[in-house]
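The residues making up each chain are set out below.
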Amino acid sequence: MMKKIISLLLCAMMLLGLCSVATAEDNLKVGLCIAETLGDKGFYDSANEGLQRLVADYGVVGSVVECKSDASAYTDALVGSAEENDMVVAVGWQFWDALVEVVPQMPDTKFIFIDNAMDEIPENMLCITYKENEGSFLAGYVAMKLSKTGVVGVVGGEDSATINNFIVGYQQGALYANPEGTVLPAVYTNTYEDPAKGKEAALSLYDQNADVVFAVAGKTGLGVFEAGAEKGALAIGVDSDQKGENPAVVACSMMKCVGDSVYVVVEQYLNDGVFEGGSIWDADLSTGLIKLGYGDAATMTQQVSDELKAEADALMEKIISGEIVVETTR
């Protein structure tokens, strides 16, 4: 009798083991292709954070490829990731040409293109774009309200439609707060990977009497916070809540919640089997994926008062309702 029980237990354990193997093999595989590198504490790190939450919450098998700004690597990265995964998330406009080539050739793989929308979108690809101009309007408003000189600035990673969409919103919001104020011409660093250049660009703006500078330059933008610390001035972060990088300098951040958007799309597919291929999801303020972040009020210095936060919230509702129309480069 005992031998029979032991035999049954062993059989049960073997079946459980087989079930575990089958489950692991059946888990959705998601590959994240990064145009540059992780470590920007913003755009790319946000995408990876969303992937890692999917790994933790749903057992997704995740992988990451960093292309390190090497244009010759984009196509190979997409093909390699698509061959190994069920779904590929391409993060960065730099993948545009490679996606045009690769996506139609790999119809069994689902693709998510972050931050851009292609002219013709295949049925196996979803494009996610963001109304960063709307959130940047709020950031510009807060920047000008915090400014003691009435002069604010912005450092951009490049002179492109996406970066300029941040900038036009920022300029409009700043002048909405103070029509007599000055928004200095943007300084473009032509790189997203060099904090030293970000610091140099920001110092040039602080030296022109700006006392708040918006960093819209990926990893390069981290240098803006260094410049702000050196000058005893303020900065505004981007994409993720970057206040933790220097709570005494970063007043707030204009958050473009890439990780959350990736999470929502993959979660919907896992739960409902729905993947809205062939379409564009344009995330605006109403989605909660575009917003201002102020860090942890309990542990971090708050340069933005509760009153000013309330003003920003009221402006957000006016933008959502259409009472305020924010300029755009798209």
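Refer to the structure above for everything that follows.
This report concerns the structure included in the present document. In this text, all values refer to a predicted model and were calculated from it rather than measured experimentally.

Observations concerning the overall build of the protein chain
Counting secondary structure elements, the protein chain contains ten helices and 13 strands. Taken over the C-alpha atoms alone, the protein chain extends approximately 90 × 45 × 40 Å along its principal axes. Counting over 330 residues, the protein chain shows a buried share of 51%. The long-range fraction of contacts in the protein chain, counting pairs at least 24 apart against all pairs at least 6 apart in sequence, stands at 68%. For the protein chain, the centre of its 20 positive side-chain charges and the centre of its 49 negative side-chain charges are spaced 7 Å apart.

Here we look at helix α10 (residues 306-321)
Under the 1.5 Å per step criterion, the end-to-end length of α10 is 23 Å for 16 residues, consistent within 8% with the ideal 22 Å. Turning to α10, its buried residues number three or more, namely Leu308, Lys309, Ala312, Leu315, Met316 and Ile319. End-on, the buried residues of α10 take up no more than an arc of 120°, which puts them together on one face. Residues Asp306, Glu307 and Ser321 are exposed on α10 and point more than 90 degrees away from its buried face.

Some thoughts on the sheet that holds strand β3 (residues 87-91)
Strand order in the open sheet formed by six strands is β2-β1-β3-β4-β5-β12, with parallel pairing between adjacent strands. The open sheet has two free edges, formed respectively by β2 (61-66) and β12 (279-283), since each of these has just one partner strand. Within the sheet, the average angular offset between the axes of one strand and its neighbour, ignoring direction, is 20°. Pairing geometry for strand β1 (residues 29-34) and β3, over five bridges, is parallel. Counterpart to Ile34 in the pairing with β3 is Val91.

A short note on the nonpolar core
Within the largest apolar cluster, 88 residues are counted, with the highest numbers of intra-cluster contacts made by Phe95, Leu99 and Ile114. Among the elements that line this core, the one with the most residues is helix α5 (residues 132-146), at eight residues. The next biggest cluster of nonpolar side chains, apart from the first, holds 20 residues, and it includes Val155, Ala201, Tyr206 and Ala215.

What about the pairing of strand β10 (residues 234-239)?
Two faces belong to every sheet, and in a regular strand the side chains alternate between them. Among the six residues in β10, six count as buried, and that is most of the element. Pairing of strand β9 (residues 212-216) with β10 involves three bridges; the strand directions are parallel. Across the sheet, the residue bridging to Val212 is Leu234, located in β10. Since β9 and β10 lie parallel, the crossover through helix α8 (residues 222-231) that links them has a hand, and here it is right-handed. Here β10 runs beside strand β11 (residues 250-256); their pairing, made up of five bridges, is parallel. By the bridge assignment, Gly237 is partnered in β11 with Ser253.

Regarding empty space enclosed by the protein
Counted by the stated rule, this structure contains one cavity of 30 Å³ or more. The calculated volume of the largest cavity comes to roughly 210 Å³. Phe43, Asp115, Ile163, Tyr192 and Asp239 are the residues nearest the centre of the largest cavity, which is lined by 19 residues in total. If you list the elements that add at least two residues to the lining of the largest cavity, you get α2 (43-58), α6 (161-177) and β10.

Looking at the packing of α2 against helix α9 (residues 258-272)
As a packed pair, α2 and α9 sit with axes 7 Å apart at the nearest point and diverge in direction by 30°. Between α2 and α9, the interaxial angle falls into the category roughly parallel. Between α2 and α9 the crossing geometry is right-handed. When α2 is examined against α9, the residues Phe43, Ser46, Ala47, Glu49, Gly50, Arg53, Leu54, Asp57 and Tyr58 are found in contact with a partner set consisting of Val258, Gly259, Asp260, Val262, Tyr263, Val266, Glu267, Leu270 and Asn271. Its residues assigned to classes, the contact of α2 with α9 shows nine nonpolar, four polar and five charged.

Examining the environment of Gly39
Looking at the secondary structure, you find Gly39 in the loop between β1 and α2. Put simply, Gly39 and Glu193 are 154 residues apart on the chain and 9.4 Å apart in space, counted from C-alpha to C-alpha. Apart from the residues lying within four places of it in its own chain, the contact partners of Gly39 are Asp45, Lys219 and Leu222.

What counts as what
Residues numbered from 1 in each chain as written. Predicted model: local features only at pLDDT ≥ 70, side-chain atom pairs only at ≥ 80, totals over all residues. Heavy atoms only, no water. Helix = DSSP H or I, 4+ residues; strand = E, 2+ residues; numbered from the N terminus. Buried < 20%, exposed > 50% of the residue type's maximum accessible area, 1.4 Å probe, protein only. Contact = heavy atoms within 4.5 Å. Lys, Arg positive; Asp, Glu negative; His and termini not counted. Charge placed at Lys NZ, Arg CZ, Asp CG, Glu CD. Expected span 1.5 Å × (residues − 1). Arc of directions from axis to C-beta. Pairing = 2+ DSSP bridges. Axes fitted to C-alpha atoms, helices over the stretch in contact; angles between N-to-C directions. Core = buried A, V, L, I, M, F, W, Y, C linked by side-chain atoms within 4.5 Å. Right-handed = clockwise from strand over helix to strand, strands pointing away. 1 Å grid on protein atoms, 1.4 Å probe; cavity = no way out; pocket = protein on both sides within 12 Å on 5 of 7 lines; lining within 4 Å. Points joined across faces, edges and corners; volume = space filled by probe spheres on them. Parallel < 35°, antiparallel > 145°, perpendicular 65-115°, else oblique. Left-handed = near helix turned anticlockwise from the far one by under 90°. Nonpolar A, V, L, I, M, F, W, Y, C, P; charged D, E, K, R; others polar.

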